[in-house]
Amino acid sequence: MNTEISFNDHLRQDEVVQLYRDNGWSAAQKPVQLMAALEGSHSLVTARIGGKLIGLGNAISDGHLVVYYPHMLVSPDYQGQGIGKQLMQAMQQRYQGFHQQMLTADGDAIGFYESLGFSRAGKTEPMWIYDGDDH
């Protein structure tokens, strides 16, 4: 099947919430805020097969030096097929040359992001105030 990767695709709330639920992400419990966050992103990249949303990622950026990738999800049915890699490569190409590309990874995602060139940022320690239950 052919995967269509595109930027700033129109998203429906039901398909987004389903993707987040399928991945066990607590943001699915706040659909209005989730949609506003994605729509307010500096960039939004999606993956579709036959029109079905199977993955997405977003970026928050100052547009010049720094970009942060807060969300990257692929439907569990399609994981391990290179779709996440295609999404991240599209983002990295868009923000190529930026001084800093950042993200937070945990669990199995750490190795995935390391394979794309990310590494631990010096002696930094991730910190947050978090209103979720999925990590």
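A quick note: this is a predicted structure, and the numbers were derived from the prediction, not measured. (Residues numbered from 1 in each chain as written. Predicted model: local features only at pLDDT ≥ 70, side-chain atom pairs only at ≥ 80, totals over all residues. Heavy atoms only, no water.)

### Focus: the side chain of R48
Logical step 1: Considering the arrangement of structural elements, one finds R48 in strand β2 (residues 43–49).
Logical step 2: By relative accessible area, R48 is classed as buried at 11%.
Logical step 3: Separated by 2.8 Å, the side chains of R48 and E15 make a polar contact.
Logical step 4: Other than its neighbours up to four places away in sequence, R48 contacts N2, T3, E4, D9, H10, L11, E15, L53 and I54. (Helix = DSSP H or I, 4+ residues; strand = E, 2+ residues; numbered from the N terminus. Buried < 20%, exposed > 50% of the residue type's maximum accessible area, 1.4 Å probe, protein only. Polar contact = N/O pair within 3.5 Å; in protein donor to acceptor, adjacent residues only side chain to side chain. Contact = heavy atoms within 4.5 Å.)

### Re helix α3 (residues 83–94)
Logical step 1: In this model, α3 (12 residues) spans 17 Å end to end at C-alpha, consistent with the 16 Å of a helix rising 1.5 Å per residue.
Logical step 2: Turning to α3, its buried residues number three or more, namely I83, G84, L87, M88, A90, M91 and Q92. (Expected span 1.5 Å × (residues − 1).)

### What about helix α2 (residues 31–39)?
Logical step 1: Residues of α2 that are buried include every one of L34, M35 and L38, and no others. Viewed along the axis of α2, the buried residues span an arc of 95 degrees, placing them on a single side of the element. (Arc of directions from axis to C-beta.)

### Some remarks on the packing of aromatic side chains
Logical step 1: Within this structure, the stated rule accounts for six aromatic pairs.
Logical step 2: Summarising the aromatic geometry, the rings of Y69 and F118 are spaced 6.3 Å apart at their centres and angled 85 degrees between planes, so their arrangement reads as edge-to-face. Taken together, the residues Y69 in strand β4 (residues 66–69) and F118 in the segment after α4 (109–115) connect sequence positions 49 residues apart.
Logical step 3: Classification of Y69 by relative accessible area gives buried; the value is 4%.
Logical step 4: Look at F118 and you get buried, because its relative accessible area is 13%.
Logical step 5: Here the aromatic residues Y69, Y95, F98, F112, Y113 and F118 are joined through ring pairs into a cluster of three or more.
Logical step 6: In this arrangement the basic side chain of R94 is found over the ring face of F7, its NZ or CZ atom lying 3.6 Å from the centre. (Phe/Tyr/Trp six-rings, centres within 6.5 Å; stacked < 30°, edge-to-face > 60°. Lys NZ or Arg CZ within 6 Å of the ring centre and 35° of its normal.)

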